[in-house]
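Each chain is listed here by its residues.
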Number of protein chains: 2
Amino acid sequence: MQKYKKEFDYSYALGTELTLELLLSHPKDTIGVYVHSKQKDNEIYQRIMALCQKNRIEVIRSDKAFNIVNAKENCYIMGVFRKFTNDIDFSRNHVVLVNPGNMGNAGTILRTCVGFGINDIAIISPRIDIYDPKTVRASMRAFFTVRFSYFSSFDEYLKKAVNRDIFCFMLDGKVNLQDVSISDRNYSLVFGNEATGLPAEYHEYGTSVFIEQLNTVDSLNLDNAVSIAVYQFVNMKPNRSRS
Amino acid sequence: MQKYKKEFDYSYALGTELTLELLLSHPKDTIGVYVHSKQKDNEIYQRIMALCQKNRIEVIRSDKAFNIVNAKENCYIMGVFRKFTNDIDFSRNHVVLVNPGNMGNAGTILRTCVGFGINDIAIISPRIDIYDPKTVRASMRAFFTVRFSYFSSFDEYLKKAVNRDIFCFMLDGKVNLQDVSISDRNYSLVFGNEATGLPAEYHEYGTSVFIEQLNTVDSLNLDNAVSIAVYQFVNMKPNRSRS
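Residues numbered from 1 in each chain as written. Chains lettered and ligands numbered in written order. Predicted model: local features only at pLDDT ≥ 70, side-chain atom pairs only at ≥ 80, totals over all residues. Heavy atoms only, no water.

Asker: Break down the packing of helix H1 (residues 16-25) of chain B against helix H2 (residues 43-54) of chain B for me, citing the residues and quoting the values.
Answerer: Residue and element names in this part refer to chain B. Orientation of H1 relative to H2, taken along the N-to-C sense of each, is 30°, at an axis distance of 10 Å. The pairing of H1 with H2 is recorded here as roughly parallel in orientation. At the point where H1 passes H2, the crossing takes the left-handed sense. Where H1 abuts H2, its residues Thr-16, Glu-17, Thr-19, Leu-20, Leu-23 and Leu-24 lie against Ile-44, Arg-47, Ile-48, Leu-51 and Cys-52. Of the residues contributing to the contact of H1 with H2, the split by class is seven nonpolar, two polar and two charged. (Axes fitted to C-alpha atoms, helices over the stretch in contact; angles between N-to-C directions. Helix = DSSP H or I, 4+ residues; strand = E, 2+ residues; numbered from the N terminus. Parallel < 35°, antiparallel > 145°, perpendicular 65-115°, else oblique. Left-handed = near helix turned anticlockwise from the far one by under 90°. Contact = heavy atoms within 4.5 Å. Nonpolar A, V, L, I, M, F, W, Y, C, P; charged D, E, K, R; others polar.)

Asker: Go over the environment of Ser-125 of chain B, please, and point to the residues and values.
Answerer: All names here are of chain B. With respect to the secondary-structure elements, Ser-125 resides in the loop between strand S6 (120-124) and helix H5 (133-138). Judged by relative accessible area, which is 25%, Ser-125 ranks as partly exposed. Sequence separation between Ser-125 and Leu-97 is 28 residues, and the spatial gap between their C-alpha atoms is 9.0 Å. When residues no more than four places from it in sequence are discounted, the contact partners of Ser-125 are Phe-151 and Ser-152. (Buried < 20%, exposed > 50% of the residue type's maximum accessible area, 1.4 Å probe, protein only.)

Asker: Run through the sheet that holds strand S4 (residues 77-82) of chain A, naming residues and quoting values.
Answerer: Residues and elements named next belong to chain A. Strand order in the open sheet formed by four strands is S1-S4-S2-S3, with mixed pairing between adjacent strands. Each of the sheet's edge strands pairs with one partner strand only, and the pair in question is strand S1 (10-14) and strand S3 (58-61). Across this sheet, the average inter-strand angle for adjacent strands is 25°, counted without regard to direction. The pairing of S1 with S4 spans five bridges and is classified as antiparallel. Looking at S4, one finds that Ala-13 is bridged to Gly-79. (Pairing = 2+ DSSP bridges.)

Asker: Let's hear about the interface of chain B and chain A: which residues, and what values?
Answerer: Taken together, the contact between chain B and chain A spans 33 residues of the former and 33 residues of the latter. Inspection of the chain B/chain A interface yields zero salt bridges. The interface formed by chain B and chain A includes eight residue pairs in polar contact (both at pLDDT 80 or more). Residue assignment for the side of chain B that touches chain A shows that the elements contributing at least two residues are helix H4 (103-115) and helix H7 (222-234) of chain B. Of the residues forming the side of chain B that touches chain A, the biggest block, six residues, is contributed by H7 of chain B. Among the residues making up the side of chain B that touches chain A, the classes are represented as eleven nonpolar, 15 polar and seven charged. (Salt bridge = Lys/Arg side-chain N within 4 Å of Asp/Glu carboxyl O. Polar contact = N/O pair within 3.5 Å; in protein donor to acceptor, adjacent residues only side chain to side chain.)

Asker: Would you mind going over the pattern of salt bridges in detail, with residue names and values included?
Answerer: Think of it this way: side chains of opposite charge can pair up when their charged atoms draw near. All names here are of chain B. A complete count under the given rule lists eight salt bridges over all chains for this structure. In this structure, Arg-147 engages Asp-120 in a salt bridge whose closest nitrogen and oxygen atoms are separated by 2.6 Å. Residue Arg-147 is located in strand S7 (residues 147-151), and its partner Asp-120 is located in strand S6; the two are separated by 27 residues in the primary sequence. Judged by its relative accessible area of 18%, Arg-147 falls in the buried class. Between Arg-185 and Asp-165 there is a salt bridge, with the nearest N and O atoms lying 2.8 Å from each other.

Now the structure itself:
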């Protein structure tokens, strides 16, 4: 058992709910389940044990493993899983994260996107490690339902993502989110890094959009901006402006 | 110098930007400014020193103080300030947080509200300590512009908050946020605790509202819900439904 590293071909699902979701959605990718001596013999524990038995997944009882992997949080069950791929569907709407920097944020964004029915997330390098246990945990299980693909550049993404409308969220975007209208085509909602946003060239990739703020202390944080944007888009009707 | 405690009558603004905002907005409440030996002699540092001199605020050079107050982050300047009060304005729109639990979240919420022009935040007990350095820091300076008041119960709040429309955000709210309409009166947007939401009796306090999610992995986190709601409300026109 080792502290997680990006180079590993496996990662950890920390906590009972995540481990249960892992076993339900990816039993074949589950390598083993660790159980701490403080774990109570409750209903979710019994479901986890039953799924391990059914899928012949090893259960390891060890308190030490938790100290190594998870220094801070109260977590008494964790699943170890092989990094699986679940590529995005190009016939759906996407959220595209360009060079995201914060792994907890990325998890929250996955959770919000899945909540609003956007299950396809493209990540443009340089990028976070989406398999990091922090991202997995912050996603609140959305990690196991979302599809995601990495691209080395936005141009690489565009080669595959054809026939769709691109909306780039930028502080100096040209169109107010309130005035955006959508067509019947799929769309991609593109967001930059937490600290630096999208580079200026993204004005040229499609429609650049801004979220109007009346009193700019500092810009919205990334996951709030994604929440507002995704909520607006999923509630828009094609070919009609909202305003 | 001591690690922050709720009982203190002072708190800390960690970092150059927060300290600058503190000195600009609340010079009379600033007790002193600590400077770490690693702080560079840059423009913002010089502005801070000039403001300290102008307002006769003590500058203390000490590295040890930073170890005590701020274990984790890179922060080389901090301001110590008396806890000031800046009560909410009852002739404005409000965001009301009922029993909020997470101090970082609360800071992010302040930042978002101020960004959208809602500067009045009511907090219903039991409650977080809004002066906690974590909240102050996460607010990204909004802490120093927002007005806030504590109330021992929602009924206490309502005694003062008359002639306004109350919208309570609840997972089982009766009206879809998309279908909400507002009048010419002020409104209060009411949100519950991160983990537990608003108790059922809040259905009776006004209009209970839900944010529709297509695929509920888990509900939105609190600051994303507040962001979406505030963005929708500030973009609504009175007496007209959005839908």
